[in-house]
Amino acid sequence: GPLRKTLQKQFGNKMTTIFLNGPCGNIDSKTPALEHVPYGPERAAYIGETLAKQAIHALTSEQSKIVESFTLDAVSRTIRLPVRRPSAEQLALAKKVVSGEIPLEELAITGDSKRPSTTKEKVYAQEWIALAERNESTVTCEINAFRIGNLALVGVPVELFCEYGLQIKGKGNELFQRTAVAELANGYLGYIPTVLSFERGGYETRLARSSCLAPEAGPTIV
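Source: prediction; values computed, not measured.

What to know about the pattern of salt bridges
- Per the counting criterion, the structure on display carries 3 salt bridges.
- Arg206 is the salt-bridge partner of Asp112, the closest N and O atoms lying 2.8 Å from each other. Here the residue Asp112 occupies a position in the loop between helix H3 (88-99) and helix H4 (118-132), and Arg206 occupies one in the loop between helix H6 (195-200) and helix H7 (217-221), the gap between them amounting to 94 residues.
- With a shortest N-O distance of 2.8 Å, Arg209 and Glu127 are connected by a salt bridge. Taken as a pair, Arg209 in the loop between H6 and H7 and Glu127 in helix H4 lie far apart in primary sequence, 82 residues in all.
- The exposure class assigned to Arg209 is partly exposed, which follows from its relative accessible area of 41%.

Concerning a nonpolar patch on the surface
- Taken together, Val67, Phe70, Leu72, Ile148 and Leu151 make up a surface patch of nonpolar side chains, about 450 Å² in accessible area.
- Tracing the sequence through the fold places Leu72 in strand S1 (residues 72-82).
- A relative accessible area of 58% places Leu72 in the exposed class.

Remarks on the packing of helix H1 (residues 2-11) against helix H2 (residues 41-60)
- The contact between H1 and H2 brings their axes to 7 Å, and the two run at 40°. Considering the angle they form, H1 stands oblique to H2. The interaxial crossing formed by H1 with H2 has right-handed handedness. Residue-level contacts link Pro2, Leu3, Thr6, Leu7, Gln10 and Phe11 of H1 to Ala44, Ala45, Gly48, Glu49, Leu51, Ala52, Ala55, Ile56, Leu59 and Thr60 of H2.
- Each residue belonging to the contact of H1 with H2 can be placed in one class, and the counts come to 11 nonpolar, 4 polar and 1 charged.

Structural notes on the packing of aromatic side chains
- Under the counting rule described, the total for this entry stands at 1 aromatic pair.
- On the basis of an interplanar angle of 80° and a centroid distance of 5.7 Å, the ring pair of Tyr191 and Tyr203 is categorised as edge-to-face. Within this pair, whereas Tyr191 is found in strand S6 (residues 191-192), its partner Tyr203 is found in the loop between H6 and H7, the two being separated by 12 residues in sequence.
- We note Arg206 situated over the ring of Tyr124; from NZ or CZ to the ring centre the distance is 5.5 Å.

The rules behind these values
Residues numbered from 1 in each chain as written. Predicted model: local features only at pLDDT ≥ 70, side-chain atom pairs only at ≥ 80, totals over all residues. Heavy atoms only, no water. Salt bridge = Lys/Arg side-chain N within 4 Å of Asp/Glu carboxyl O. Helix = DSSP H or I, 4+ residues; strand = E, 2+ residues; numbered from the N terminus. Buried < 20%, exposed > 50% of the residue type's maximum accessible area, 1.4 Å probe, protein only. Patch = residues over 30% accessible without salt bridge, like charges linked within 9 Å, V, L, I, M, F, W, Y side chains within 5 Å. Areas by Shrake-Rupley, 256 points an atom, 1.4 Å probe, with all protein chains shown as cover. Axes fitted to C-alpha atoms, helices over the stretch in contact; angles between N-to-C directions. Parallel < 35°, antiparallel > 145°, perpendicular 65-115°, else oblique. Left-handed = near helix turned anticlockwise from the far one by under 90°. Contact = heavy atoms within 4.5 Å. Nonpolar A, V, L, I, M, F, W, Y, C, P; charged D, E, K, R; others polar. Phe/Tyr/Trp six-rings, centres within 6.5 Å; stacked < 30°, edge-to-face > 60°. Lys NZ or Arg CZ within 6 Å of the ring centre and 35° of its normal.

Without other data, these values stay purely geometric and don't point to any function.
So this is what it looks like as structure tokens:
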């Protein structure tokens, strides 16, 4: 919203803005560079206006030019990605948590996390049970790529860690002048952490329906 309003002040109300999420599975605006801006609507406005200023600078610079004609193309590929499922021990633990055999206060599931809680205990227990009920060992993942002249736009239906986004951009930039990656495109299959992130642990890697793909999913998507 703030980005669009700032651009329309510069170029008029007919200015159309398309905003796509980049790979931000491990990105948060809680960064030292923004500590002076309150977390909430003020920070959204600050980020949007800052992005808009960069767009205005690019559009009004001497290097900017109108392209009269360009090549359009598109391609889609469907791949299968392996799914993680709870072990027999995890499933038994989850059932005991849900049934009350293990009190939520014991934090049997989330006790090793940075912010354990009784609420999370029941949520993750239910997630593990739901995943165990799935019969699939893989899921379908559709990846789309569009060409607009010298720009390549890649769409992935996941929350991609930025390291993988940079790898895709690097490969794309060998063929095109610019490559952009849009996550959460045409679906949602959960987080795609890096292999190193799986080793370190954390919220994005903890087994749930929002994070149930195997570590090799990221390299496969790239």
